[in-house]
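Now for the letters of each chain:
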Amino acid sequence: MSEQKNIMEYETVALDDRGPAVVILDQTKLPGSVELIRLTSAQEIWDAIYYLKVRGAPAIGVAAAFGIYVLAEGIRTEDYDAFLEEFRKQKRYLDSARPTAVNLSWALERMEQIVLQNPGKSVKEIRTLLRQEAVAIRDEDIRVCRAIGEYGLTLVKPGDGILTHCNAGQLATVKYGTATAPIYLGQERGYHFRVFADETRPLLQGARLTAYELQASGVDVTLICDNMSATVMKNGWVNAVFVGCDRVAANGDAANKIGTSAVAAVAAHYGVPVYVCAPTSTIDRNTESGDGIRIEQRPAEEVTEMWYRERMAPEGVKVFNPAFDVTDHSLIAGIVTEYGIARAPYTESLQRIFEQKGSHPLT
Ligand code: MRU
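Reading the values: the criteria
Residues numbered from 1 in each chain as written. Predicted model: local features only at pLDDT ≥ 70, side-chain atom pairs only at ≥ 80, totals over all residues. Heavy atoms only, no water. Near = heavy atom within 4 Å. Polar contact = N/O pair within 3.5 Å; in protein donor to acceptor, adjacent residues only side chain to side chain. Areas by Shrake-Rupley, 256 points an atom, 1.4 Å probe, with all protein chains shown as cover. 1 Å grid on protein atoms, 1.4 Å probe; cavity = no way out; pocket = protein on both sides within 12 Å on 5 of 7 lines; lining within 4 Å. Sits in = over half its atoms within 2 Å of the grid points. Helix = DSSP H or I, 4+ residues; strand = E, 2+ residues; numbered from the N terminus. Domains from an automatic or database assignment. Expected span 1.5 Å × (residues − 1). Buried < 20%, exposed > 50% of the residue type's maximum accessible area, 1.4 Å probe, protein only. Arc of directions from axis to C-beta. Contact = heavy atoms within 4.5 Å. Pairing = 2+ DSSP bridges. Axes fitted to C-alpha atoms, helices over the stretch in contact; angles between N-to-C directions. Points joined across faces, edges and corners; volume = space filled by probe spheres on them. Nonpolar A, V, L, I, M, F, W, Y, C, P; charged D, E, K, R; others polar.

Some details on the site of the ligand
- By nearness alone, 18 residues border the ligand, and Arg55, Ala57, Arg98, Asn256 and Lys257 come closest of all.
- Arg55 is positioned such that a nitrogen or oxygen atom in its side chain is 2.6 Å from an oxygen atom of the ligand.
- One of the side-chain N or O atoms of Asn256 is found 2.6 Å from an oxygen atom in the ligand.
- A total of 410 Å² of accessible area belongs to the ligand in isolation, and the protein chains cover 100% of it.
- Counting atoms within 2 Å of the grid points, the majority share of the ligand lands in the largest cavity.
- Counting residues per element, the ones that place at least two in the shell around the ligand are α2 (57-73) and β9 (254-257).
- When residues of the shell around the ligand are sorted by domain, at least three fall in each of domain 1 (7-144) and domain 2 (148-359).

This is the structure in C-alpha cells:
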C-alpha cells in the first residue's frame, strides 16, 4: 500500500491491531516510495531484518519482540513445556538474522524471560504477557531516545554544525532516534543546527534515510559523500559528531555502521568531539572489548551493483563488505545513554550507568 503523509508520521514498526502481525515501514523502498508491509511468518520476519527492511539496532529489537510475540500466537499447544521448546526454536531462528546489533538478542532474551518466569500460567496467559512485554519494549524506546536527546543536547549549542553517519534516526528506532534525538529536541527549541549526513556506502542509509527524515522535519541538512567529512571538518563546519551504535563493549569500544571509525579518526585530527549515542540496551557488558564483537559480513553485490543503474565493478572482483566497524574507545569523547553521559574510563563509567539504571529504572 502506498500513502501520502510526512515520513515522521509513520510508525517504523508496529503491531497490527487486526490480528497477530508485525507491520513495518519497508526501509529498502525509501525515500522513493512509502510502503507498509505485514509480517506474520518466521521467514518473513527474519527476511525483513536480514534484508534491512527494518533496521537500526533499537528498531530491530522492537521488531524481534513483536515478531516473537506474533510467532508465539501461532504455537499450537497449550502445554507449557512444548510451548517453551517451540518458542526457543523460533527465538534462535530470529536471533540468527543479524549478529552485530545486540538489541536483537537483548529483546528476544527479555521475551524469553516472560515465558520462563511464568511456568504456572496457562499458555494463553503467557501469550498475553508476551504482548505486554513487547509493547513495553516499544514504549520504553521512546522514553529512552528522548532522554538521550536531552543529555546529548547539553553537549552542543545553538547554531552548531553536527555530522552524523548512517541512520541512527527515528527510522532506526520508534521515535526521535538516538544520534538524531539531540537534533530533534534542538529543532523543537529553535537551536538551528546545521547537520551533515554522510551518505553511508554501500547501503546509503545516510542518503536515503537520514537526509530524508531530517529534511522532512525541517532540519537544515546537507548530504555529503563518505569521503568528504575531512573537508567539512577542516572548514570548521562541524562542532560535534553524533553517531548511533549496534553494540558497545564494556571498555567503551563501539561497533557502528562501517565508516564510523574513519569519521572518528578524522574528527580526532581536527579536534571535533565524537559522541556515541547508546541506549543501555545496546551496551553489552559481557563483551570485554571491541575485539569480541562479531562483525556482520554482507553480500558483495551491495558494493558492486546495488543502487547503481548497472553494475559498476568488474565481474568476479574480490569484495570485502563488513557492515560495521569498531571505533576505539580512545576516539570517543562520550557515550550518551538514557542515564547520562559516560566518559573515559568507560569500564567504570558504564558500570555506574548500570548501577543508576538498577536503582532508578526509567521504565
Ligand atoms: O545496517 P544498519 O542500517 O542496521 O546499521 C544501522 C547503524 O549502524 C545504526 O547507526 C545503529 O544501529 C544505531 S540505530 C539507533
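Having seen the model, we can carry on.
Concerning helix α11 (residues 346-359)
- With 14 residues, α11 should cover 20 Å at 1.5 Å per step; its first-to-last C-alpha distance of 20 Å lies within 8% of that length.
- Those residues of α11 not exposed but buried are Tyr346, Ser349, Leu350, Ile353 and Phe354. Buried positions in α11, seen along its axis, are confined to an arc of 140° and lie on one side of it. Of the exposed residues in α11, the ones pointing more than 90 degrees away from its buried face are Arg352 and Gly358.
- Looking at the packing, one finds that the buried side of α11 touches β8 (247-249), β11 (283-284), β13 (334-337) and β14 (340-342).

Observations regarding the sheet that holds strand β2 (residues 22-25)
- Spatially, the three strands line up as an open sheet ordered β1-β2-β3, and their pairing is antiparallel. Whereas interior strands pair on both sides, the edge strands pair on one side only; in this sheet they are β1 (13-15) and β3 (36-39). For this sheet the average axis-to-axis angle between neighbouring strands, irrespective of direction, equals 25°.
- The sheet contact formed by β2 and β3 spans four bridges and is antiparallel. The residue of β3 that forms the bridge with Val22 is Leu39.
- Contacts between α2 and the sheet are confined to β1, β2 and β3, with β1 contributing the most and set at about 20° to the helix.

Thoughts on empty space enclosed by the protein
- Counting across every chain of the model gives two cavities of 30 Å³ or more.
- If you add up the space inside the largest cavity, you get close to 170 Å³.
- If you trace the largest cavity, you find 21 residues lining it, with Arg55, Gly56, Ala57, Asn167 and Asp246 closest to the centre.
- When residues of the lining of the largest cavity are traced back to their parent elements, those giving at least two are α2 and β9.
- Residue composition of the lining of the largest cavity, by class: ten nonpolar, seven polar and four charged.
- Of the domains in this structure, domain 1 (7-144) and domain 2 (148-359) are the two that each give at least three residues to the lining of the largest cavity.
- Looking at the second largest cavity, its volume works out to about 40 Å³.
- Around the second largest cavity, the lining residues are Arg201, Pro202, Leu203, Gln205, Lys257, Arg298, Glu302, Asn321 and Ala323.
- By residue class, the composition of the lining of the second largest cavity is three nonpolar, two polar and four charged.

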